[in-house]
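Residue strings, one per chain:
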Amino acid sequence: MIFFRHENISESIVKFEATENDEVFGSCILDLSGKNAVVSNMIFPSDKPFFAEGLLKSAYNYAAANNYYMGVCRCDNIIQLLTRLGFEKAGDEYILDIPSILMGSCCKK
């Protein structure tokens, strides 16, 4: 079973890890220091992209529980996932409201 755990690095920085059988398979950083929830530093095995989606949604779920509405992603290695989820490119960032991120991607074009 895959678990997504978080660890507070500081008051506004949270590290998320994806684990399976107590082995870490991926991680990302969530920054809640500004008005938007910013995910960066996404690491995951290229043959297991589902870890990236789980990490992303875990981070934004945590942000939503802490009263954040907009999500920003600064991860160049998951552009295909971000596009599928409906993120819009703005400079070198991708932006989408958190309810849309958590809603899923089965019916989006």
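The preceding data block contains the structure.
Conventions used here
- Residues numbered from 1 in each chain as written.
- Predicted model: local features only at pLDDT ≥ 70, side-chain atom pairs only at ≥ 80, totals over all residues.
- Heavy atoms only, no water.
- Helix = DSSP H or I, 4+ residues; strand = E, 2+ residues; numbered from the N terminus.
- Buried < 20%, exposed > 50% of the residue type's maximum accessible area, 1.4 Å probe, protein only.
- Salt bridge = Lys/Arg side-chain N within 4 Å of Asp/Glu carboxyl O.
- Core = buried A, V, L, I, M, F, W, Y, C linked by side-chain atoms within 4.5 Å.
- Contact = heavy atoms within 4.5 Å.
- Disulfide = S-S within 2.5 Å.
- Phe/Tyr/Trp six-rings, centres within 6.5 Å; stacked < 30°, edge-to-face > 60°.

Points about unusual backbone geometry
Here is step 1: One non-glycine residue, aspartate 22, lies in the positive phi region at around 65°.
Here is step 2: Here aspartate 22 lies in the loop between β2 (13–20) and β3 (23–31).
Here is step 3: At asparagine 67, a position not held by glycine, the phi torsion is positive, near 70°.
Here is step 4: Positionally, asparagine 67 belongs in the loop between α1 (50–65) and β5 (70–73).
Here is step 5: By relative accessible area, asparagine 67 is classed as exposed at 75%.

Remarks on the pattern of salt bridges
Here is step 1: Taken as a whole, this structure holds 4 salt bridges when the rule is applied.
Here is step 2: Glutamate 53 is the salt-bridge partner of lysine 57, the closest N and O atoms lying 3.3 Å from each other. Taken together, the residues span about one helical turn, with lysine 57 and glutamate 53 both in helix α1 at a distance of 4 residues.
Here is step 3: Given the relative accessible area of 19%, glutamate 53 is considered buried.
Here is step 4: Between arginine 74 and glutamate 93 there is a salt bridge, with its nearest N and O atoms 2.5 Å apart. One end of the pair, arginine 74, is in the loop between β5 and α2 (79–85); the other, glutamate 93, is in strand β7 (residues 93–97), and 19 residues separate them in sequence.
Here is step 5: You can call arginine 74 partly exposed: its relative accessible area is 45%.
Here is step 6: Each of the salt bridges in this network shares a partner with another, and the network as a whole consists of Glu53, Lys57 and Arg84.

Observations concerning the nonpolar core
Here is step 1: In terms of nonpolar packing, the biggest core is built from 31 residues, with Leu30, Val39, Met42, Leu56, Cys73, Ile78 and Phe87 touching the most fellow members.
Here is step 2: For this core, the secondary structure elements donating two or more residues are β2, β3, β4 (37–43), α1, α2, β7 and α3 (98–103).
Here is step 3: When residues of this core are assigned to their parent elements, the largest contribution, 8 residues, is made by α1.
Here is step 4: The residues touching phenylalanine 87, leaving out its near neighbours within four places in the chain, are Leu56, Tyr60, Gly71, Cys73, Leu82, Tyr94, Ile95, Leu96 and Ile101.

Some details on the state of the cysteines
Here is step 1: Across all of its chains, the model carries 0 disulfides by this definition.
Here is step 2: Unpaired in this structure, cysteine 73 has its nearest cysteine sulfur neighbour in cysteine 75, at a distance of 3.6 Å.
Here is step 3: Residue cysteine 73 is classed as buried on the basis of its relative accessible area of 0%.

Description of the packing of aromatic side chains
Here is step 1: By the definition in use, this model includes 4 aromatic pairs.
Here is step 2: Relative to tyrosine 62, the ring of phenylalanine 16 has its centre 5.7 Å away and its plane inclined at 80°; by these criteria the two rings are edge-to-face. A residue pair is termed long-range when its members are at least 10 positions apart, and phenylalanine 16 in strand β2 and tyrosine 62 in helix α1 qualify at 46 residues. The burial state of phenylalanine 16 is the same as that of tyrosine 62; both residues are buried.
Here is step 3: With centroids separated by 5.2 Å and ring planes inclined at 10°, the aromatic side chains of phenylalanine 25 and phenylalanine 51 adopt a geometry described as stacked. Of this pair, phenylalanine 25 sits in strand β3 while phenylalanine 51 sits in helix α1, placing them 26 residues apart in sequence.
Here is step 4: By the ring-pair criterion, three or more aromatic residues cluster together here, those being Phe25, Phe50 and Phe51.

None of the figures reported here should be taken as evidence of function without further support.
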